[in-house]
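Structure at a glance
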Amino acid sequence: MHATRALRMMPTRRMMFPIPKEDQSAHTVSQRLRKLRQIPAELIPLGVVVGFAVFAAGYSSFRKFTVDKNLRLSRQNRKDEPVEHAGGH
(Lines give C-alpha, C1' and ligand atoms only; values in the text may rest on other atoms or scores of the structure.)
Protein backbone atom coordinates (compact mmCIF):
# COMPACT_ATOMS: atom_id res chain seq x y z
CA MET A 1 0.00 0.00 0.00
CA HIS A 2 1.31 3.43 -0.95
CA ALA A 3 1.01 6.49 1.23
CA THR A 4 -1.02 9.33 -0.17
CA ARG A 5 0.65 12.59 -1.01
CA ALA A 6 -0.81 14.31 2.07
CA LEU A 7 0.52 11.68 4.45
CA ARG A 8 4.04 11.56 3.07
CA MET A 9 5.03 14.68 5.04
CA MET A 10 7.31 16.01 2.34
CA PRO A 11 7.89 19.76 2.47
CA THR A 12 5.92 21.51 -0.24
CA ARG A 13 7.21 24.38 -2.31
CA ARG A 14 5.21 26.78 -0.16
CA MET A 15 6.88 25.53 3.00
CA MET A 16 10.38 25.53 1.54
CA PHE A 17 10.14 29.20 0.52
CA PRO A 18 7.89 31.00 3.01
CA ILE A 19 6.30 34.30 2.11
CA PRO A 20 8.36 37.23 3.44
CA LYS A 21 6.80 39.37 6.15
CA GLU A 22 5.00 42.54 5.18
CA ASP A 23 7.26 45.56 4.68
CA GLN A 24 5.41 47.73 7.18
CA SER A 25 4.71 45.17 9.86
CA ALA A 26 6.56 46.96 12.70
CA HIS A 27 7.97 50.18 11.28
CA THR A 28 8.16 53.39 13.21
CA VAL A 29 6.75 56.69 12.00
CA SER A 30 10.11 57.89 10.71
CA GLN A 31 10.59 54.69 8.73
CA ARG A 32 7.16 55.11 7.18
CA LEU A 33 7.94 58.73 6.28
CA ARG A 34 11.07 57.58 4.47
CA LYS A 35 8.83 55.35 2.33
CA LEU A 36 7.21 58.50 0.90
CA ARG A 37 10.21 58.89 -1.37
CA GLN A 38 9.10 55.77 -3.22
CA ILE A 39 5.92 57.49 -4.44
CA PRO A 40 6.22 58.26 -8.17
CA ALA A 41 6.72 61.94 -8.91
CA GLU A 42 3.71 61.95 -11.25
CA LEU A 43 1.34 61.25 -8.33
CA ILE A 44 2.43 64.14 -6.11
CA PRO A 45 0.48 66.87 -8.01
CA LEU A 46 -2.57 64.61 -8.00
CA GLY A 47 -2.30 64.21 -4.23
CA VAL A 48 -1.98 67.97 -3.77
CA VAL A 49 -5.07 68.66 -5.91
CA VAL A 50 -7.17 65.98 -4.17
CA GLY A 51 -6.02 67.18 -0.75
CA PHE A 52 -6.93 70.77 -1.60
CA ALA A 53 -10.35 69.67 -2.91
CA VAL A 54 -11.11 67.77 0.30
CA PHE A 55 -10.00 70.74 2.40
CA ALA A 56 -12.07 73.20 0.32
CA ALA A 57 -15.17 70.98 0.57
CA GLY A 58 -14.81 70.74 4.35
CA TYR A 59 -14.24 74.47 4.73
CA SER A 60 -17.18 75.30 2.47
CA SER A 61 -19.54 72.97 4.34
CA PHE A 62 -18.43 74.25 7.75
CA ARG A 63 -18.82 77.86 6.64
CA LYS A 64 -22.28 77.17 5.19
CA PHE A 65 -23.46 75.58 8.43
CA THR A 66 -22.13 78.38 10.62
CA VAL A 67 -22.86 81.51 8.54
CA ASP A 68 -26.14 80.83 6.72
CA LYS A 69 -29.01 82.04 8.91
CA ASN A 70 -31.71 80.65 6.57
CA LEU A 71 -30.48 77.07 7.01
CA ARG A 72 -32.47 75.11 9.59
CA LEU A 73 -30.19 72.67 11.37
CA SER A 74 -32.73 71.63 14.00
CA ARG A 75 -36.50 71.52 14.37
CA GLN A 76 -38.15 74.69 15.53
CA ASN A 77 -41.60 75.42 17.01
CA ARG A 78 -42.31 71.79 17.82
CA LYS A 79 -45.19 72.81 20.12
CA ASP A 80 -47.12 74.32 17.19
CA GLU A 81 -46.83 71.24 14.93
CA PRO A 82 -49.89 68.96 14.80
CA VAL A 83 -49.47 65.50 16.29
CA GLU A 84 -49.40 62.83 13.56
CA HIS A 85 -51.16 59.57 14.14
CA ALA A 86 -49.27 56.31 13.63
CA GLY A 87 -51.97 54.77 11.41
CA GLY A 88 -52.40 57.82 9.19
CA HIS A 89 -49.92 56.80 6.50
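Cut-offs used in this document
- Residues numbered from 1 in each chain as written.
- Predicted model: local features only at pLDDT ≥ 70, side-chain atom pairs only at ≥ 80, totals over all residues.
- Heavy atoms only, no water.
- Helix = DSSP H or I, 4+ residues; strand = E, 2+ residues; numbered from the N terminus.
- Buried < 20%, exposed > 50% of the residue type's maximum accessible area, 1.4 Å probe, protein only.
- Areas by Shrake-Rupley, 256 points an atom, 1.4 Å probe, with all protein chains shown as cover.
- Patch = residues over 30% accessible without salt bridge, like charges linked within 9 Å, V, L, I, M, F, W, Y side chains within 5 Å.
- Salt bridge = Lys/Arg side-chain N within 4 Å of Asp/Glu carboxyl O.
- pLDDT = per-residue confidence, 0-100.
- Contact = heavy atoms within 4.5 Å.
- Polar contact = N/O pair within 3.5 Å; in protein donor to acceptor, adjacent residues only side chain to side chain.

From N to C terminus, the protein includes three helices and zero strands. Mapped from its N terminus to its C terminus, the protein presents α and β elements in the order α-α-α. Per-residue burial over the protein gives 0% buried out of 89 residues. A total of about 9,700 Å² of accessible surface is found on the protein, and carbon and sulfur atoms cover 61% of it.

Take a nonpolar patch on the surface next. A contiguous nonpolar surface patch, about 950 Å² in accessible area, is contributed by V29, L33, L36, I39, L43, I44, L46, V48, V50 and V54. Breaking the nonpolar patch down by element, the ones donating at least two residues are α2 (29-34) and α3 (43-67). Checked against the element boundaries, V29 lands in helix α2.

What follows covers the confidence of the model for the protein. For the protein, per-residue confidence averages 77 on the pLDDT scale, and residues scoring 70 or more make up 64% of the total. For the protein, the element scoring lowest by mean pLDDT is helix α1 (residues 13-16), at 69; α3 scores highest, at 94.

Once the charged atoms of two side chains with opposite charge are near each other, the side chains can pair. The tally for this structure, following the rule as stated, stands at one salt bridge. Here K64 makes a salt bridge to D68, at a shortest N to O gap of 3.0 Å. Judged by relative accessible area, which is 46%, K64 ranks as partly exposed. Take D68: its relative accessible area is 24%, and that puts it in the partly exposed class.

Checked against the element boundaries, F65 lands in helix α3. Residues contacting F65, with those up to four places away along its chain left out, are L71 and L73.

Next up on the list: the environment of S30. If you trace the backbone, S30 turns up in helix α2. Within the local environment of S30, its side chain forms a polar contact with the side chain of T28, the two groups lying 3.2 Å apart.

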